[in-house]
Amino acid sequence: MIQNSKGKLKSEAFFRLWCIKEAYIKLVGKGLTFPLDQVLVKDTMEKPMLEIRAVMNDQTFESLSCIYSNWLPNFGIGVVVQGNSLELEYKQYRG
């Protein structure tokens, strides 16, 4: 997907993929010891879905939900949770 993207979309695709993969490895508590090539993110630019190829230490999840959002320019967040639904609410406070 990254190779097929052009211009600014190429870096956007990479950043989205990285944020979602990072969110998953934080969920399983493995950090960068988890083989990132085993975490496949499908449909990254529209509605991301995870496909996990490896299972480490018998840690499996029946279902995972993930989302990528970039509410602010130059800022993005990937979130992965166990379960069938995930909603994020963004609030900006000014002090």
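Given the structure is predicted, the values throughout are model-derived calculations rather than measurements.

A. Structural context of the packing of aromatic side chains. Per the stated rule, a full pass over the model turns up 2 aromatic pairs. Ring geometry for Phe15 versus Tyr68: centroids 6.3 Å apart, planes at 85°, classification edge-to-face. Placement of Phe15 in helix H1 (residues 8-27) and of Tyr68 in strand E3 (residues 64-69) is noted, with a sequence separation of 53 residues between them. Exposure remark for Tyr68: the relative accessible area of 10% places this residue in the buried category. Here the aromatic rings of Tyr24 and Phe34 are separated by 5.4 Å at their centres, their planes lie at 75°, and the arrangement is edge-to-face. With a gap of 10 residues between them, Tyr24 in helix H1 and Phe34 in the loop between H1 and strand E1 (39-42) connect regions that are remote in the sequence. Take Phe34: its relative accessible area is 3%, and that puts it in the buried class.

B. Local environment of the pairing of E1. On E1, burial follows the alternation: Val39 and Val41 on one face are buried, whereas Leu40 and Lys42 on the facing-out side are not. Note that E1 and strand E2 (residues 49-52) share 4 bridges and pair antiparallel. Residue pairing for E2: Val41 is matched across the bridge by Leu50. Turn length for the E1-E2 hairpin, with the two strands adjacent in sequence and antiparallel, is 6 residues, and the turn residue Asp43 shows positive phi of about 55°.

C. Just the side chain of Ser65, in detail. If you trace the backbone, Ser65 turns up in strand E3. The exposure class of Ser65 is buried, given its relative accessible area of 10%. In this structure, Ser65 is in contact with Val79, Val80, Val81, Gly83, Asn84, Ser85 and Leu86, ignoring residues within four places of it in sequence.

D. Local environment of a nonpolar patch on the surface. Side chains of Trp71, Leu72, Phe75, Ile77, Leu88 and Tyr90 sit close together on the surface and give an oily, nonpolar patch of about 480 Å² of accessible area. Position of Tyr90 relative to the elements: it lies in the segment after strand E4 (77-82).

E. Summary view of the pattern of salt bridges. By the definition in use, this model includes 3 salt bridges. Between Arg16 and Glu12 there is a salt bridge, with its nearest N and O atoms 2.8 Å apart. One end of the pair, Arg16, and the other, Glu12, are both in helix H1, 4 residues apart, so they sit about a helical turn from each other. Among the salt bridges present, the one from Lys91 reaches Glu89, with a minimum N-O distance of 3.2 Å. Look at Lys91 and you get exposed, because its relative accessible area is 51%.

What counts as what
- Residues numbered from 1 in each chain as written.
- Predicted model: local features only at pLDDT ≥ 70, side-chain atom pairs only at ≥ 80, totals over all residues.
- Heavy atoms only, no water.
- Phe/Tyr/Trp six-rings, centres within 6.5 Å; stacked < 30°, edge-to-face > 60°.
- Helix = DSSP H or I, 4+ residues; strand = E, 2+ residues; numbered from the N terminus.
- Buried < 20%, exposed > 50% of the residue type's maximum accessible area, 1.4 Å probe, protein only.
- Pairing = 2+ DSSP bridges.
- Contact = heavy atoms within 4.5 Å.
- Patch = residues over 30% accessible without salt bridge, like charges linked within 9 Å, V, L, I, M, F, W, Y side chains within 5 Å.
- Areas by Shrake-Rupley, 256 points an atom, 1.4 Å probe, with all protein chains shown as cover.
- Salt bridge = Lys/Arg side-chain N within 4 Å of Asp/Glu carboxyl O.

Scope: geometric values only; no functional claims are made or implied.
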